[in-house]
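Chain by chain, the residues:
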Amino acid sequence: MKVVIYEKNNTLFSVVCSIVTGSGYSHGSIFNNGRLYDTTFLRGHFSEVDSIKPERKVSVCEIDGDCDEWIKGNMGVKYDTLGLLFWYFGIAFAHKLYCFEVVDEALKSIGVNLNLGIKKDGGTIIDKLLEKGYAVKVMRGKDFNELYL
């Protein structure tokens, strides 16, 4: 499994997400068994995605484990729009996920608990992975797509 955390770019939603979470990162996804998964506001649910935009900068961390059962159990789960908007207040809604919750829950499913609490963000995820001794590699989406997809 790989954790993929996206640096903020200049799109409106990316900027809003970065401001809301107070992080220089605005999106997260997981890569498992040769497939990339995430959830976005526009798509509205958790599902497989084709690739990462070539120019997008991402931080990638490889972690031993297979979260396929977690993925199967969460396919189609609705995007937690209100949870993201009320992130600062630590409000989340049951049976819904925003991108950083996807990363956290997928990691927990393979026994990696980052102890993020209710407020999850890309910068904290990267920091916690580094604290646990995992290596994080920065690359462009183009490179990720060529290497893994």
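Residues numbered from 1 in each chain as written. Predicted model: local features only at pLDDT ≥ 70, side-chain atom pairs only at ≥ 80, totals over all residues. Heavy atoms only, no water.

A. Layout of the layout of surface pockets. Roughly 530 Å³ of volume is contained in the largest pocket. Lining the largest pocket are 20 residues, with Thr11, His27, Thr40, Lys53 and Arg56 sitting closest to its centre. Sorting the residues of the lining of the largest pocket by element identifies α1 (12–21), β2 (25–32) and β3 (35–39) as the ones contributing at least two each. Tallied by class, the residues present in the lining of the largest pocket amount to eight nonpolar, eight polar and four charged. (1 Å grid on protein atoms, 1.4 Å probe; cavity = no way out; pocket = protein on both sides within 12 Å on 5 of 7 lines; lining within 4 Å. Points joined across faces, edges and corners; volume = space filled by probe spheres on them. Helix = DSSP H or I, 4+ residues; strand = E, 2+ residues; numbered from the N terminus. Nonpolar A, V, L, I, M, F, W, Y, C, P; charged D, E, K, R; others polar.)

B. Examining unusual backbone geometry more closely. Its identity is not glycine, yet His95 carries a phi of approximately 65 degrees, on the positive side. Structurally, His95 is set in the loop between α3 (81–85) and β7 (96–97). Of note, Asn115 is a non-glycine position whose phi angle comes to about 50 degrees, a positive value. Structurally, the position occupied by Asn115 is in the loop between α4 (99–109) and α5 (122–131).

C. Main features of the environment of Trp70. With respect to the secondary-structure elements, Trp70 resides in helix α2 (residues 68–74). Overall, the relative accessible area of 13% leaves Trp70 in the buried class. The sequence separation of Trp70 and Ser109 amounts to 39 residues, and the corresponding C-alpha distance is 6.4 Å. Discounting residues that sit within four places of it in the chain, Trp70 has contacts with Ile30, Phe46, Leu97, Val102, Glu105, Ala106 and Ser109. (Buried < 20%, exposed > 50% of the residue type's maximum accessible area, 1.4 Å probe, protein only. Contact = heavy atoms within 4.5 Å.)

Purely geometric numbers; function is a separate question.
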